[in-house]
Amino acid sequence: MDIKIRKLDLIIAGYMQKLSIPAIRISFAVIFIWFGILKPIGLSSAIPLVKSTVSWMPLFAAETWVDIIGWWEVLIGIFFLFKKTTRIAIALLFLQMTGTFMPLFILPEVTFQGGNILLPTLEGQYVIKNIMIISAALTIGGSLVYSKKKSDSFESDSYK
């Protein structure tokens, strides 16, 4: 019986491994395109937080930065759909994440209850959950390989 369970486990794990990267790519596309497009059309619940975060930035008004950030997010989502543009998507995502974490530092009164970093507000939780997005982007980035030949792989016998 134990052998049958092990075999089933290996089959399920194989499917999970095969589907995981495409699932993350599609999830990124849905989330970034959906949430991104809501900003320039003025329907995102994150607009007040974004405006408060970017109000100090030069060159444009906060409303313009909201539009720029929204379209930037849409691009991230589109670029994650295609393997050839994944590196661009990851680069854009990491730049965007820099801005995403800014409220934790410049608006602690909005992101933490009573200034206590152990008690994030709903806005703080919204920002902090992006750690998982960064982890998923690292997973996709780590899956990008040019060749599956052992001699061309990153891992050589000396690393084992």
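Every value quoted in this text rests on a predicted model; they were computed, and no experiment measured them. (Residues numbered from 1 in each chain as written. Predicted model: local features only at pLDDT ≥ 70, side-chain atom pairs only at ≥ 80, totals over all residues. Heavy atoms only, no water.)

Moving on, we get to the overall build of the protein. Scanning the protein for helices and strands turns up 8 helices and 0 strands. When the helices and strands of the protein are placed in sequence order, the string is α-α-α-α-α-α-α-α. The C-alpha radius of gyration computed for the protein amounts to 20 Å, which surpasses the reference 15 Å derived for 160 residues by more than 25%, pointing to a less compact arrangement than a globule. When the backbone C-alpha atoms are referred to their principal axes, the protein occupies close to 60 × 35 × 35 Å. Counting across all 160 residues of the protein, residues that qualify as buried make up 30%. Taking all contacts inside the protein whose residues are at least 6 apart in sequence as the whole, residues at least 24 apart take part in 62%. Just so you have it, the protein exposes about 11,000 Å², and 71% of that area is on carbon and sulfur atoms. Mean positive and mean negative side-chain charge positions of the protein (15 and 10 charges, respectively) differ by 13 Å. (Helix = DSSP H or I, 4+ residues; strand = E, 2+ residues; numbered from the N terminus. Rg over C-alpha atoms; globule rule 2.2 N^0.38 Å. Buried < 20%, exposed > 50% of the residue type's maximum accessible area, 1.4 Å probe, protein only. Contact = heavy atoms within 4.5 Å. Areas by Shrake-Rupley, 256 points an atom, 1.4 Å probe, with all protein chains shown as cover. Lys, Arg positive; Asp, Glu negative; His and termini not counted. Charge placed at Lys NZ, Arg CZ, Asp CG, Glu CD.)

As a further point, take unusual backbone geometry. One non-glycine residue with positive phi stands out, namely leucine 59, at about 80°. Mapped onto the secondary structure, leucine 59 falls in the loop between helix 2 (47–54) and helix 3 (62–80). In this structure leucine 59 comes out as exposed when scored by relative accessible area, which is 76%.

Let us look at the confidence of the model for the protein. Looking at the protein, pLDDT values average 90 and 90% of them are 70 or higher. Here residues 150–160 scores under 50 on pLDDT; set against residues more than four positions off or in separate chains, the count is 6 contacts. (pLDDT = per-residue confidence, 0-100.)

For helix 8 (residues 130–143), which comprises 14 residues, the first-to-last C-alpha distance of 20 Å matches the rise-based estimate of 20 Å (1.5 Å per residue) to within 8%. Those residues of helix 8 lying buried are Asn130, Ile133, Ile134, Ala136, Ala137 and Ile140. One face of helix 8 carries all of its buried residues, which in axial projection span an arc of 165°. Exposed side of helix 8, more than 90 degrees from the buried face: Met132, Leu138 and Gly142 are the residues found there. In this structure, the buried side of helix 8 is in contact with helix 1 (2–38), helix 3, helix 4 (86–100) and helix 7 (122–128). (Expected span 1.5 Å × (residues − 1). Arc of directions from axis to C-beta.)

This part covers the side chain of threonine 121. Within the fold, threonine 121 resides in the loop between helix 6 (108–111) and helix 7. Threonine 121 gets classed as buried once you look at its relative accessible area, which sits at 15%. At 2.6 Å, the side chain of threonine 121 and the backbone oxygen of valine 110 are in polar contact. Apart from residues no more than four positions distant in its own chain, threonine 121 is found in contact with Val110, Thr111, Phe112 and Gln113. (Polar contact = N/O pair within 3.5 Å; in protein donor to acceptor, adjacent residues only side chain to side chain.)

We now examine the nonpolar core. Soluble globular proteins: nonpolar side chains tend toward being buried together. By size, the foremost hydrophobic cluster in this structure holds 21 residues, and its most contacted members are Phe28, Phe32, Phe80, Leu93 and Met97. For this core, the secondary-structure elements that each account for two or more residues are helix 1, helix 3, helix 4 and helix 8. Discounting residues that sit within four places of it in the chain, leucine 93 has contacts with Phe28, Phe32, Ile76, Phe80, Ile133 and Ala137. With 7 residues, the next largest nonpolar core counts Ile47, Val54, Trp65 and Val66 among its residues. (Core = buried A, V, L, I, M, F, W, Y, C linked by side-chain atoms within 4.5 Å.)

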